[in-house]
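Here is how the chains run, residue by residue.
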Amino acid sequence: MNWAAISFDWNQARAFMATAEEGSLSAAARALGQTQPTLGRQVSGLEDKLGIALFERVGRGLVLTPAGRNLLEHVRKMADAAVQISLVAAAQTQTIDGKVRITASDVFAAHILPPVLRHLREIAPKLEIEIVAANDIRDIQRREADIAIRHVRPEQPELYGRLVQEAEAHLYAAKPYIQRRGRPSTKADLSHHDFISFGFAETMIAYLAPLGITITGDNFHIGSNSGVVAWEYAQRGLGISFMSAEVGDATPGVERVLPDMDPIVFPVWLVTHRDLHTSPRIRLIFDTLADFLSRAPRK
């Protein structure tokens, strides 16, 4: 190994990679929890050390130079190696303490996880659990979370997944909405009702069509990218919304629409990195979540 050839700091390389991926120094600084001047000095230091320009400014953003694009591929390999080192170290930790990040949808995080989190506090009081409530799929490989609760099966060979539940969802509406707009008795009746979109209305329309429910964009006047917000709107009588049976049936003031309609069944997967799954604290939380989620629906 030619140690003299390694002439730059990993923190500088990390600052460069974050800036390239986030598109600006300010966004990269937020992502890394640093100040913008500090991060800017790290990027400039890397440029000075290597003797090349890595970025050029275009408007308010930064664009990689050809040299920067070439370097980024190598720095990403370094980042992957750094993450792997972190995974191996975490897997060797024998104590049941430290921070564990769990990601789940905002509805799942707000309505379903609290009881099991209370149980984890009782059996492992030194654990620090951070919930990342997000409806996108967080990257377990890059350690954006240690454990993910997903509704799709993981395909990456580095990930370990366990199917813990086949959950059901139904259409729900608040009683004031039913009183105001009438109770639909058939799927055809739904074309005359208001729906609350969670995400893009077009996606929801396409999802409902194979179920024999024909609606258009005219049925959507209110929506949100947040499941918690969309469900709150449904409870306020603003329209009909999908919700898991576990949450919907336990919510006062709402009722199933077309209760005889077959439920929508969706999987619940627990996912972690295979290296992390050998860590005692990750295994404890993973197995506790699996046991909790695989039980009969909680009332």
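A few points on the structure. Bear in mind that the values here come from a model prediction, so they are computed numbers and not experimental data.

Quick look at the packing of aromatic side chains now. Each aromatic ring pair is specified by the distance between its two centres and by the angle formed by the two planes. Taken as a whole, this structure holds four aromatic pairs when the rule is applied. On the numbers, 5.8 Å between centres and 85° between planes, the contact of Tyr-172 with Trp-231 is edge-to-face. Here Trp-231 lies in helix α9 (residues 227-235) and Tyr-172 lies in strand β6 (residues 159-174), a separation of 59 residues in the sequence. Among the residues examined, Tyr-172 registers a relative accessible area of 1% and is labelled buried. Relative accessible area serves as the criterion here: at 1%, Trp-231 is assigned to the buried category. Measuring from ring centre to ring centre gives 5.9 Å for Phe-195 and Phe-220, while their planes differ by 45°; the resulting arrangement is tilted. Within this pair, whereas Phe-195 is found in strand β7 (residues 195-198), its partner Phe-220 is found in strand β8 (residues 220-224), the two being separated by 25 residues in sequence.

Our next topic: the side chain of Thr-288. Turning to its location among the elements, Thr-288 is positioned in helix α11 (residues 280-294). In this structure, Thr-288 is in contact with Val-116, His-119, Leu-120 and Ile-123, ignoring residues within four places of it in sequence.

This part covers the environment of Ser-24. Turning to its location among the elements, Ser-24 is positioned in the loop between α1 (10-22) and α2 (25-32). You can call Ser-24 buried: its relative accessible area is 15%. A C-alpha to C-alpha distance of 5.7 Å links Ser-24 and Leu-62, two positions 38 residues apart in sequence. There is a polar contact of 3.1 Å between the side chain of Ser-24 and the backbone nitrogen of Ala-27.

So, about the pattern of salt bridges. Considering all chains together, one arrives at eleven salt bridges under this definition. The closest approach of N and O atoms between Glu-21 and Arg-76, which form a salt bridge, is 3.4 Å. Here Glu-21, found in helix α1, pairs with Arg-76, found in helix α4 (residues 66-92); they are 55 residues apart in sequence, far enough to count as distant. Exposure remark for Arg-76: the relative accessible area of 30% places this residue in the partly exposed category. Across the pair Glu-128 and Lys-99 runs a salt bridge whose closest N-O atoms are separated by 3.9 Å. Highlighted residues: Glu-128 in strand β4 (residues 127-133) and Lys-99 in strand β3 (residues 98-104), separated in sequence by 29 residues. Linked by salt bridges that have partners in common, Lys-99, Arg-101, Glu-128 and Glu-130 make up one network.

Rules used in this analysis
- Residues numbered from 1 in each chain as written.
- Predicted model: local features only at pLDDT ≥ 70, side-chain atom pairs only at ≥ 80, totals over all residues.
- Heavy atoms only, no water.
- Phe/Tyr/Trp six-rings, centres within 6.5 Å; stacked < 30°, edge-to-face > 60°.
- Helix = DSSP H or I, 4+ residues; strand = E, 2+ residues; numbered from the N terminus.
- Buried < 20%, exposed > 50% of the residue type's maximum accessible area, 1.4 Å probe, protein only.
- Contact = heavy atoms within 4.5 Å.
- Polar contact = N/O pair within 3.5 Å; in protein donor to acceptor, adjacent residues only side chain to side chain.
- Salt bridge = Lys/Arg side-chain N within 4 Å of Asp/Glu carboxyl O.

In short, shape yes, function no, at least from these values alone.
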